[in-house]
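Spelled out, the chains give:
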2 protein chains.
Amino acid sequence: MMSSDSSSGYGELSAQDLLHLLFKINHLLQRQFEMGLISYGLPEQLTGPRLRVLLEISAAGQIRMNELAKNLGIKARTVTQFVDALQKDQFIVRTPDTSDRRATILQLTDSAKSLMERAEEVMGEISNKLLERLTLEQRSQLVEILWQLDSNRTEFSTKDG
Amino acid sequence: MMSSDSSSGYGELSAQDLLHLLFKINHLLQRQFEMGLISYGLPEQLTGPRLRVLLEISAAGQIRMNELAKNLGIKARTVTQFVDALQKDQFIVRTPDTSDRRATILQLTDSAKSLMERAEEVMGEISNKLLERLTLEQRSQLVEILWQLDSNRTEFSTKDG
DNA sequence: TATTGTTATACTCTATAACTATA
DNA sequence: TATAGTTATAGAGTATAACAATA
């Protein structure tokens, strides 16, 4: 699969192999990250996407479902589902927005607030562990590379624009 | 969210910010990769995971469902579903394994074979485009970094081992 | 008894379309 | 008419548990 040369010449990979390697390692890291959260005692219902929702609410203090959808890049329907699940588990509460009665405002419950504090700590520790093998120089290189990749933004046209 | 310093000091990110940046860019790249496949005229049913299944079968020539599950790191039940879908779309065929009548062997159909040739080309082109902003040096650095991250393998214990 | 694949079932993430209540 | 959120529905990806056929 990967024009193999397991000695040291890893600079010789094709773009495709490099990209696949990136996808693979990223997937592994995400897996380890999520396992880390659980192993540090965070509730298992807190999947990656749900955690992202809570972090967004936490950062905002309070936020409309509307805006949450925009921030997370997901659709209103999807937010409703997250909110249903998170409310059922008592992580958040819905309150009607008095200034616009169509809207709903989300807030963390008190218990979720302390959970999020813990989550922040834990995420910091996990991140340190996952990246511990990288030298400072490699970290800067990685940032630079990611930055470059982000600014690339190749546009592949799809039928629907 | 990200201890901001939008000038140039991107080497100063915390491990957590760096990891999140990685996750984000990776997600973006994967999205662009999939959009690229479609924009090059590959069938839309060919989602990322399904493509991976076909690539695995293609590489093997023929393969047992059993082994496919192992190679992809997914469960037998999940393979059945992929195979059902891919067979319905006439990308693959099931044939009984005469040497072990419990087993089923998978092969690409002829049309899928030529599709996969095309897919390989297209993936190469897309990869080149997505990584075109990286210098050769950055590519080596990235490989080195990913390699390092792969060898890290922090083990977070979960309840079930 | 162990293994291969399937049926039955379920859960998460995501989406579109139609609708309600409000603006 | 446009916006905020919900109901209804769907589909992809993943899983566990129970089971049939075979080893």
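Provided above is the structure to which this section pertains.
Residues numbered from 1 in each chain as written. Chains lettered and ligands numbered in written order. Predicted model: local features only at pLDDT ≥ 70, side-chain atom pairs only at ≥ 80, totals over all residues. Heavy atoms only, no water.

1. Details of the protein's contact with DNA strand C
- Around DNA strand C sit 20 residues in total, of which T47(A), Q81(A), N66(B), R77(B) and T104(B) are the nearest.
- Of all atoms in DNA strand C that approach within 4 Å of the protein, 61% are sugar or phosphate atoms.
- Note that a phosphate oxygen of DNA strand C is positioned 2.5 Å from one of the side-chain N or O atoms of N66(B).
- Take the surface near DNA strand C: its biggest share by element is four residues, from helix α4 (residues 76-88) of chain A.
- Considered class by class, the residues forming the surface near DNA strand C number five nonpolar, six polar and nine charged. (Near = heavy atom within 4 Å. Polar contact = N/O pair within 3.5 Å; in protein donor to acceptor, adjacent residues only side chain to side chain. Helix = DSSP H or I, 4+ residues; strand = E, 2+ residues; numbered from the N terminus. Nonpolar A, V, L, I, M, F, W, Y, C, P; charged D, E, K, R; others polar.)

2. Remarks on the interface of chain B and chain A
- The interface is formed by 58 residues belonging to chain B together with 58 residues belonging to chain A.
- Taking both sides of the interface into account, the surface hidden between chain B and chain A amounts to around 6200 Å²; carbon and sulfur atoms contribute 69%.
- Inspection of the chain B/chain A interface yields zero salt bridges.
- Our count for the chain B to chain A interface comes out at six residue pairs in polar contact (both at pLDDT 80 or more).
- Counting only elements with at least two residues in the side of chain B that touches chain A, the list comes to α1 (15-39), α5 (110-131) and α6 (136-152) of chain B.
- By residue number, the principal contributor to the side of chain B that touches chain A is α1(B), which donates 18 residues.
- Here the residues of the side of chain B that touches chain A sort into 28 nonpolar, 20 polar and 10 charged. (Contact = heavy atoms within 4.5 Å. Buried area = accessible area lost by both parts, 1.4 Å probe. Salt bridge = Lys/Arg side-chain N within 4 Å of Asp/Glu carboxyl O.)

3. A word on the sheet that holds strand β3 (residues 104-108) of chain A
Residue and element names in this part refer to chain A.
- On the basis of which strands lie adjacent, the open sheet formed by three strands has the order β1-β3-β2 and antiparallel pairing. For this open sheet the edge positions go to β1 (62-64) and β2 (92-96), each flanked by a neighbour on one side alone. Adjacent strand axes in the sheet meet at a mean angle of 30° when their direction is disregarded.
- Taken together, the three bridges between β1 and β3 define a ladder with antiparallel strand orientation. Paired with Q62 across the two strands is Q107, which belongs to β3.
- On the sheet, helix α2 (residues 48-60) packs against β1, β2 and β3 and is oriented at approximately 95° with respect to β3. (Pairing = 2+ DSSP bridges. Axes fitted to C-alpha atoms, helices over the stretch in contact; angles between N-to-C directions.)

4. Here we look at the protein's contact with DNA strand D
- As a matter of local geometry, DNA strand D sits amid 20 residues, with N66(A), R77(A), T104(A), T47(B) and Q81(B) nearest to it.
- The protein-proximal atoms of DNA strand D, defined as those within 4 Å of the protein, are 60% sugar or phosphate.
- Between T80(A) and DNA strand D, the recorded distance is 2.8 Å, taken from a side-chain N or O atom to a phosphate oxygen.
- Between DNA strand D and the protein, one listed contact pairs a phosphate oxygen with a side-chain N or O atom of R94(A) at 2.9 Å.
- Looking at the surface near DNA strand D, the elements with two or more residues in it are α3 (65-72) and α4 of chain A together with α2 (48-60) and α4 (76-88) of chain B.

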